[in-house]
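Observations on the three-dimensional arrangement
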Amino acid sequence: MAKATPAKKAAPAKKAAATKAPAKKTAPAKKAPAKAAATKAPAKKAAPAKKAAATKAPAKNAVPATKAPAKKAPAKKKASPFSASWLTKQEQALQEERATYVRQAESLQAEADALVADFVSGDAQFDEDGGEGDTLSSERERDLVLSAQARDAVEEIDHALAKFAKGTYGICEASGDPIPKERLEAIPWARVQVAYKAGGFGHR
């Protein structure tokens, strides 16, 4: 009988682990790029054109040009109801009266001052018990009163003289009517008619 040939040993199975090609490492799946809208900062919207006025520096208010005040025409000299020759005569009379009153005021003031100077030593007193001093005191008071009245007359004359330039000399300051010539010739500085006279230089 023939000998059975020994069965060939089956080749050892390749170790799957050793023989298997190493599994390729799969590259990590690339993440899909996020939508541009998600990653990119949202583009700034351009400011609407209408808001340009808000961004621009406010225009400075233009200062209106100031007009130079119109020059007033000089007041026209009013026509006087009196003749030019008579007005000239009255103006001259007022100037003469003024000079007279100025002299009186200065003279009377000087006399009053002299009375005081005579008694600087105190020999006489300006009181009721001063005898001669009492008389001199009365004279001094009188001189001062008359001097003050003369100065008041000068002021009234100056007031009247100023009216010639305005054309209002001889016009009653109360009624606006002409003062009679007779009154003005008697009192050249009279301000009002007799009907409005209230006494004193200021209302003659």
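Residues numbered from 1 in each chain as written. Predicted model: local features only at pLDDT ≥ 70, side-chain atom pairs only at ≥ 80, totals over all residues. Heavy atoms only, no water.

**Let's talk about the overall build of the protein**
The helix and strand inventory of the protein stands at six helices and zero strands. Order of helices (α) and strands (β) in the protein, N terminus to C terminus: α-α-α-α-α-α. Within the protein, residue pairs in contact and separated by at least 24 positions form 57% of the contacts whose partners lie at least 6 positions apart. Approximately 16,700 Å² of the protein is accessible, and the part contributed by carbon and sulfur atoms is 57%. (Helix = DSSP H or I, 4+ residues; strand = E, 2+ residues; numbered from the N terminus. Contact = heavy atoms within 4.5 Å. Areas by Shrake-Rupley, 256 points an atom, 1.4 Å probe, with all protein chains shown as cover.)

**So, the confidence of the model for the protein**
Predicted confidence across the protein gives a mean pLDDT of 73, with 50% of residues reaching 70 or more. In this model residues 10-23 is a low-confidence stretch, pLDDT under 50, and it forms two contacts with partners more than four residues away in sequence or in other chains. Of the regions scoring below 50 in pLDDT, residues 32-41 engages in one contact with residues more than four places distant in sequence or in other chains. (pLDDT = per-residue confidence, 0-100.)

**A look at the pattern of salt bridges**
Applying the stated rule across the entire model yields six salt bridges. With a shortest N-O distance of 2.6 Å, Glu-173 and Lys-163 are connected by a salt bridge. Taken together, the positions of Glu-173 in the loop between α5 (132-166) and α6 (181-186) and Lys-163 in helix α5 put the pair ten residues apart, joining distant regions of the chain. Classification of Glu-173 as partly exposed rests on a relative accessible area of 42%. Arg-191 is paired through a salt bridge with Glu-173; the nearest N and O atoms lie 3.7 Å apart. (Salt bridge = Lys/Arg side-chain N within 4 Å of Asp/Glu carboxyl O. Buried < 20%, exposed > 50% of the residue type's maximum accessible area, 1.4 Å probe, protein only.)

**Quick look at the environment of Phe-164**
Within the secondary structure, Phe-164 sits in helix α5. Phe-164 gets classed as buried once you look at its relative accessible area, which sits at 12%. As a C-alpha pair, Phe-164 and Gln-90 span 74 residues in sequence and 9.8 Å in three-dimensional space.

**Digging into the side chain of Gln-90**
By the element assignment, Gln-90 lies in helix α4 (residues 84-117). Accessibility expressed as a relative area gives 3% for Gln-90, which makes it buried. Within the structure, Gln-90 has its side chain in polar contact with the side chain of Tyr-169 (distance 2.9 Å). Apart from residues no more than four positions distant in its own chain, Gln-90 is found in contact with Phe-164, Tyr-169, Leu-184, Glu-185 and Pro-188. (Polar contact = N/O pair within 3.5 Å; in protein donor to acceptor, adjacent residues only side chain to side chain.)

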